[in-house]
Amino acid sequence: MTHPGGPGDDDAAGPCDGPEAVARAIADAVESLTSLWSLAAQGAAVRLSLHQLRALRAVETAPDLNLTALAERLEVGLPTASRLCDRLEAAGLLERALHPHSRREVRLTVTTQGRHVLDDVAARRSQALAVALAAMEPAELMLLSKGMRAFLAGQDPVRRSGSWRGSPPA
């Protein structure tokens, strides 16, 4: 984690802290969530690496994605994306099929078994998160929910403009 900022830490970001302090607190929370989600995913019936899960999820959210688009979405090279797809296809979680209008293009689709794996992982992650949230006071939970909605609303313009890829704001 980037700083102690855990429960009960008097230096943790508060409502009067600036964006940098809050950003550090969010980064810590994201790191913690990533660990929580990784552990939850490891309990699934089919164990996949985080890269394989990301690839499968990307194909699920963008039907008929091709290999090049998957590589771009995952920000990996084409050979890496191809190997990921090889493993997912061998496990019966992903199918490759020729595009009906372009024989040079291969479409990727998640199989029924792949959807079951994604559903299982999502359910395990939600359950792990619910356990963590249940330990919070109702007022804290309400504030977190309100803050997350505001964060998501504030994130939309940044995502559309792509300004997050550049240098941090001055």
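Residues numbered from 1 in each chain as written. Predicted model: local features only at pLDDT ≥ 70, side-chain atom pairs only at ≥ 80, totals over all residues. Heavy atoms only, no water.

So, the overall build of the protein chain
The number of helices and strands found in the protein chain is six helices and three strands. Counting all 170 residues of the protein chain, 21% fall into the buried class. When contacts within the protein chain are restricted to residue pairs at least 6 apart in sequence, long-range pairs at least 24 apart make up 46% of them. Surface summary for the protein chain: the accessible area is close to 11,700 Å², and the carbon and sulfur share equals 58%. (Helix = DSSP H or I, 4+ residues; strand = E, 2+ residues; numbered from the N terminus. Buried < 20%, exposed > 50% of the residue type's maximum accessible area, 1.4 Å probe, protein only. Contact = heavy atoms within 4.5 Å. Areas by Shrake-Rupley, 256 points an atom, 1.4 Å probe, with all protein chains shown as cover.)

Focus on helix H4 (residues 78-90)
For H4, built from 13 residues, the straight-helix expectation of 18 Å at 1.5 Å per residue is met to within 8% by its first-to-last C-alpha distance of 18 Å. When H4 is considered as a whole, its buried residues turn out to be Ala81, Leu84, Cys85 and Leu88. Buried residues of H4 fall within an arc of 95 degrees about the axis and therefore sit on the same side. Along H4, exposed side chains directed more than 90 degrees from the buried face belong to Pro79 and Ala90. Gly92, located one to two residues past H4, shows a positive phi value of around 80 degrees. (Expected span 1.5 Å × (residues − 1). Arc of directions from axis to C-beta.)

Some words on the side chain of Gln52
Its location among the elements puts Gln52 in helix H2 (residues 50-61). Judged by its relative accessible area of 11%, Gln52 falls in the buried class. Polar side-chain contacts of Gln52 include one of 2.9 Å to the backbone nitrogen of Ser49. (Polar contact = N/O pair within 3.5 Å; in protein donor to acceptor, adjacent residues only side chain to side chain.)

What about helix H1 (residues 19-42)?
Its 24 residues place the ends of H1 34 Å apart at the C-alpha level, agreeing with the 34 Å of an ideal helix rising 1.5 Å per residue. By the burial criterion, the buried members of H1 are Ala21, Asp28, Ala40 and Ala41. If you follow the buried residues of H1, they end up packed against H2 and helix H5 (112-134).

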